[in-house]
Amino acid sequence: MIQSSMSALLRPLRTLLFAEHYSLTRFCSSFVSRMRYINKLKENDAACVSALQTGHIFLFHHLIPLLQSSGPGTFRPVALSYSEVQSVLQRCGSDGSLLKESILIGCSEQNHAQFCLDVGELDPAAIAKDCKGAFVDLRKAFFLLEGAEAPLVAKAQALLRWHQINRFCGATGQLTQRNQAGSQRVCSSSSTVYYPKMSPVVIVLVSDGKRCLLGRQSSFPRGLYSALAGFCDMGETMEEALCREVAEEVGLEVQNIIYSSSQHWPFPHSSFMLACHATVSPAHSKLNVDHQELEDARWFTEEEITCALQVKAPLQKDHSPTVWLPPKHAVAHRLIMEWRDQQQRSKDTRMSECAEEQ
């Protein structure tokens, strides 16, 4: 019964998410043309240089993004033109050659190529003042950014980090050289080509039918609870990794598994999140938490989840301890919302059936 109700919920949800993604482009030819344009920039250095001069550039300082206030409690990344970045760099004492280090992120729906650039060599305060913005840690920024801006900034940071930690060939120890777009690095000695990678991670919201299971690590901010997650081991399927993680962390054996969605997540070093719902028998829901893995794990009712969703985060340091949940851009938040909505649908169905019987 639980599996069928969850499936009924998620089928229209996945259809809706898929439709929303493509409705933004209006016509398939517009989406295809942008994808082919991005691919051209990755393969043609001259075309990428030309696109950089007419595109938008987002600045980072030691992987921390430059943001501007867009309203009370909300921020947006600062999109600068080539000439604007050139002027900023010159005023901060750079000759502008740093612009060549810009990395391609993607392409906007207005067909502007999007790039990111880390200006860690320069004074962050001077750049922030010049651009009327502030460098904001990405973990905090995820609670402040809107819509598609969060994944854009996350992808940019992930690409910048990948280039910073993959400057040398793992086989020869020689320096690798990137192409203009930054979509690959090549060892001139061995001709080995390296591409940016993500590490697969399973993230699961476990339910016993009436409650959902959330946990927290000691490294989490105070009061933050999230869905259980863990890296996939070599050779594991998604399902095997999910079952193992739940068993290791809370001592439960899951029954049904339903895939929900996926997401790129920039922490700790660019993860590919595979999000699922899973169920356990109410008769076998007693937790046995491995405290080397988790600081705490507990069951939450629908009412407790609804209250936690209303908490605005991140909390102030002097705020009394309370439960709060991942930001709306995180796939963990999506899992929690799906479960809460499913609970409310089930409640409405039961009330409707009772009304019909009367």
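Given the structure is predicted, the values throughout are model-derived calculations rather than measurements. (Residues numbered from 1 in each chain as written. Predicted model: local features only at pLDDT ≥ 70, side-chain atom pairs only at ≥ 80, totals over all residues. Heavy atoms only, no water.)

### Re the overall build of the protein
Argument step 1. Helices and strands together make up the secondary structure of the protein, namely 10 helices and 16 strands.
Argument step 2. The proportion of buried residues among the 358 residues of the protein is 44%.
Argument step 3. For the protein, long-range pairs separated by at least 24 residues make up 65% of all intrachain contacts whose partners lie at least 6 apart in sequence.
Argument step 4. Here the protein displays about 19200 Å² of accessible surface, and carbon together with sulfur accounts for 52% of that area. (Helix = DSSP H or I, 4+ residues; strand = E, 2+ residues; numbered from the N terminus. Buried < 20%, exposed > 50% of the residue type's maximum accessible area, 1.4 Å probe, protein only. Contact = heavy atoms within 4.5 Å. Areas by Shrake-Rupley, 256 points an atom, 1.4 Å probe, with all protein chains shown as cover.)

### Details of the packing of aromatic side chains
Argument step 1. Applying the stated criterion across every chain, the model contains 5 aromatic pairs.
Argument step 2. Between the aromatic rings of W265 and F267, the centroid separation amounts to 5.4 Å while the plane-to-plane angle is 80°, which identifies the pairing as edge-to-face.
Argument step 3. On the basis of relative accessible area, W265 is assigned to the buried category, the value being 17%.
Argument step 4. Among the residues examined, F267 registers a relative accessible area of 9% and is labelled buried. (Phe/Tyr/Trp six-rings, centres within 6.5 Å; stacked < 30°, edge-to-face > 60°.)

### With respect to the nonpolar core
Argument step 1. Counting 41 residues, the largest nonpolar core has F60, C116, I203, L205, C212, L214 and I305 as its most contacted members.
Argument step 2. Tallying contributions element by element places helix α7 (residues 149-165) first for this core, with 7 residues.
Argument step 3. I305 has contacts with C212, L214, F300, L325, I336, W339 and R340, leaving out every residue within four places of it along the chain.
Argument step 4. Counting residues in hydrophobic clusters, the runner-up holds 28 residues, among them I38, A113, F115 and I127. (Core = buried A, V, L, I, M, F, W, Y, C linked by side-chain atoms within 4.5 Å.)

### Section: the pattern of salt bridges
Argument step 1. Enumeration according to the criterion identifies 10 salt bridges in this entry.
Argument step 2. Two residues, E295 and R216, come together in a salt bridge whose shortest N-O distance is 2.7 Å. A residue pair is termed long-range when its members are at least 10 positions apart, and E295 in the loop between β15 (271-279) and β16 (296-301) and R216 in strand β12 (residues 211-216) qualify at 79 residues.
Argument step 3. For R216, a relative accessible area of 6% gives the class buried.
Argument step 4. Of the charged contacts in the structure, one is a salt bridge between K347 and E302, with a shortest N-O distance of 3.4 Å. With a gap of 45 residues between them, K347 in helix α10 (residues 331-357) and E302 in helix α9 (residues 302-309) connect regions that are remote in the sequence. (Salt bridge = Lys/Arg side-chain N within 4 Å of Asp/Glu carboxyl O.)

### Considerations on unusual backbone geometry
Argument step 1. At the junction of F267 and P268, the peptide bond is cis and its omega measures out at -10° in the coordinates.
Argument step 2. For P268, the position within the fold is in the loop between β14 (257-265) and β15.
Argument step 3. Within the chain, L63 stands out as a residue other than glycine whose phi angle is a positive 75°.
Argument step 4. In this structure, L63 sits in the loop between β1 (56-61) and β2 (64-71).

### Notes on α7
Argument step 1. Between its first and last C-alpha, α7 extends 25 Å over 17 residues, near the 24 Å set by a 1.5 Å rise per residue.
Argument step 2. Among the 17 residues that make up α7, 12 are buried, leaving the element largely enclosed by the rest of the structure.
Argument step 3. What α7 keeps buried is the set A150, L152, V153, A154, A156, Q157, A158, L159, L160, R161, W162 and H163. (Expected span 1.5 Å × (residues − 1).)

### Some thoughts on the side chain of T74
Argument step 1. By the secondary structure assignment, T74 is in strand β3 (residues 74-77).
Argument step 2. Given the relative accessible area of 17%, T74 is considered buried.
Argument step 3. Once residues lying within four places of it in the same chain are set aside, the contact partners of T74 are Q68, S69, L144 and E146.

### Quick look at the environment of E248
Argument step 1. Following the sequence through the fold, E248 ends up in helix α8 (residues 238-250).
Argument step 2. With a relative accessible area of 35%, E248 lands in the partly exposed category.
Argument step 3. In contact with E248, other than residues within four places in its own chain, are D290 and E293.

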